[in-house]
Amino acid sequence: MSTTAVGSGLDTALLYAEVMQHHAVQMQALDALRFEDYAATFTEDGVFRHTPGREPARGRGGIVADLVEFHERVANDPVQRRHWFSMLAIKVLDDGAVQADFYTLVVTVRPEQKPVLAPSCTVRDILVRAEDGRLLNRSRWVEHDRVAALAP
Ligand code: SDN
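In this text the structure is predicted, and so the values were computed from the model without any measurement.

A few words now on the site of the ligand. Every one of the 16 residues lining the ligand counts as a neighbour, but Leu30, Tyr38, Phe48, Arg81 and His83 are closest to it. Within the contact set of the ligand, an oxygen atom lies 2.7 Å away from a side-chain nitrogen or oxygen of tyrosine 38. Contacts to the ligand include arginine 140, whose side-chain N or O atom sits 3.4 Å from an oxygen atom. Coverage of the ligand by the protein chains reaches 95% of its 440 Å² of free accessible surface. Mapped by element, the contributors of at least two residues to the shell around the ligand are helix 1 (10-31), strand 4 (80-93), strand 6 (116-129) and strand 7 (135-144). A per-class count over the shell around the ligand returns 9 nonpolar, 5 polar and 2 charged.

In C-alpha cells form, the structure reads like this:
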C-alpha cells in the first residue's frame, strides 16, 4: 500500500505522542486484565492477532472472548504480565489511517522469581479516528520473533 511519510513538524510530534498515549492506556488495561477496556480501544469490527497460528479475533466481543480463553491457562498462576513497547515508527496512509510499527517485549513476573522476557514481538497497528476524535485500532497484528526466526 502506498503511504505518505509523516513530516518532521509539530503535527508529527503531536500524532506520535497521541499514539504513545493510546498504547499506554490500552496496554495498562490489558495487563490489568480489563479485557473489555482493552477491546474498547479497537473499532467495533477491529481485528486482533496476537499469536501466530491462532485465528485472529474479530470485533470487540470476539477480542474479549479470545483474551478470556487465552488467559484461562494462567487462571491459577500468580503471574503479572507487562507488555513493553518501543521503537515506535508511525506513518499516515493514503486513507488517513495511521500505521504504527513497533517492538514489544512481554515481561512475565511470578513471586520470588526473576522476570522472564518473552515473547519478543514486532507489531503493526492500523489506527483510525473515532467520531469523538480518539484513536482506535482497526487492526493489530503481532509477529513473534521466535517464529519469524524459523522462516527460511
Ligand atoms: O496486545 C499486544 C500483545 C498481546 O496482547 C499478546 C498476547 O499474548 C495476549 C500488543 C503487542 C504485543 C502483544 C503480544 C502478545 C503475546 C501473546 C502471546 C504470549 O504471550 O504467549
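From this point, the narrative continues.
Among the surface-exposed residues, Trp84, Leu105 and Leu117 lie close enough to one another that they form a single nonpolar patch of about 330 Å² accessible area. The topology assignment puts tryptophan 84 in strand 4.

The next point concerns the packing of aromatic side chains. Applying the stated criterion to the full structure yields 4 aromatic pairs. Judged by centre distance (5.4 Å) and plane angle (55°), the ring pair of tyrosine 38 and phenylalanine 42 falls under tilted. We classify tyrosine 38 as buried; its relative accessible area is 1%. Phenylalanine 42 gets classed as buried once you look at its relative accessible area, which sits at 0%. Taken together, a centroid distance of 5.6 Å and an interplanar angle of 50° make the contact between phenylalanine 42 and phenylalanine 48 tilted. By way of ring pairs, the aromatic residues Tyr38, Phe42 and Phe48 are connected into one cluster.

Reading guide: rules and limits
- Residues numbered from 1 in each chain as written.
- Predicted model: local features only at pLDDT ≥ 70, side-chain atom pairs only at ≥ 80, totals over all residues.
- Heavy atoms only, no water.
- Near = heavy atom within 4 Å.
- Polar contact = N/O pair within 3.5 Å; in protein donor to acceptor, adjacent residues only side chain to side chain.
- Areas by Shrake-Rupley, 256 points an atom, 1.4 Å probe, with all protein chains shown as cover.
- Helix = DSSP H or I, 4+ residues; strand = E, 2+ residues; numbered from the N terminus.
- Nonpolar A, V, L, I, M, F, W, Y, C, P; charged D, E, K, R; others polar.
- Patch = residues over 30% accessible without salt bridge, like charges linked within 9 Å, V, L, I, M, F, W, Y side chains within 5 Å.
- Salt bridge = Lys/Arg side-chain N within 4 Å of Asp/Glu carboxyl O.
- Phe/Tyr/Trp six-rings, centres within 6.5 Å; stacked < 30°, edge-to-face > 60°.
- Buried < 20%, exposed > 50% of the residue type's maximum accessible area, 1.4 Å probe, protein only.

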